[in-house]
Amino acid sequence: MDARKRGVDVQILVDDRGNRGKASLSAMNLVAGAGIPMRVISTYAIHHDKYIVVDGKHTETGSFNYSQAAARTNSENVLVVWNNPQVAARYLAHWENRWAQGIAVEMSY
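In this report, we go over the structure that sits alongside the text. Values in this document were obtained by computation on a predicted structure and should not be read as measured data.

### Examining helix 2 (residues 22-33)
- Under the 1.5 Å per step criterion, the end-to-end length of helix 2 is 16 Å for 12 residues, consistent within 8% with the ideal 16 Å.
- Those residues of helix 2 that are buried lie in contact with strand 1 (12-15) and strand 2 (38-41).

### Here we look at the nonpolar core
- Listed in full, the nine residues of the largest apolar core are Val10, Val14, Met28, Val31, Ala32, Ile36, Met38, Val40 and Val105.
- Listing elements by their share of this core, those giving two or more residues are helix 2 and strand 2.
- With three residues, helix 2 is the single largest residue contributor to this core.
- Once residues lying within four places of it in the same chain are set aside, the contact partners of Val14 are Asn19, Met28, Met38, Arg39, Val40, Ile41 and His47.

### Topic: the pattern of salt bridges
- One pass over the structure, following the stated rule, counts one salt bridge.
- For Arg20, the salt bridge is made with Asp16, and the minimal N-O distance between the two is 2.7 Å.
- In this structure Arg20 comes out as exposed when scored by relative accessible area, which is 54%.
- Using a relative accessible area of 18% as the deciding quantity, one classes Asp16 as buried.

### Observations concerning the sheet that holds strand 2
- Taken together, the three strands give an open sheet; going across it, the order is 1-2-6, and neighbouring strands pair in mixed fashion. Edge positions in the open sheet fall to strand 1 and strand 6 (103-104), since each of these has one partner strand only.
- By the bridge criterion, two bridges tie strand 2 to strand 6 in an arrangement that is antiparallel. Within strand 6, the residue paired with Arg39 across the bridge is Ala104.

What counts, and where the lines are drawn
Residues numbered from 1 in each chain as written. Predicted model: local features only at pLDDT ≥ 70, side-chain atom pairs only at ≥ 80, totals over all residues. Heavy atoms only, no water. Helix = DSSP H or I, 4+ residues; strand = E, 2+ residues; numbered from the N terminus. Expected span 1.5 Å × (residues − 1). Contact = heavy atoms within 4.5 Å. Core = buried A, V, L, I, M, F, W, Y, C linked by side-chain atoms within 4.5 Å. Buried < 20%, exposed > 50% of the residue type's maximum accessible area, 1.4 Å probe, protein only. Salt bridge = Lys/Arg side-chain N within 4 Å of Asp/Glu carboxyl O. Pairing = 2+ DSSP bridges.

Okay, structure coming up:
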């Protein structure tokens, strides 16, 4: 949400089945309420992708779940590929394919 406030184009796609609990729904309401486009995807057994593409040329990928547990207690790995538009383009194509399969999240207070 802070990135969005700074003018960064942020979109989030999450696994549908893994985000039905009360805490996840509350977090999703906060994100949707902040005007961040968010979708859920249920096409796959688990939507387990974890990556970020920045400016069409930098890519971060790995096991990191972007959670408190991942940041504080888990064994995780992350790879950052700097200044490689070809790698970024492959991840963006994958992103666009998965985004198209998702269903928009609307606030549900």
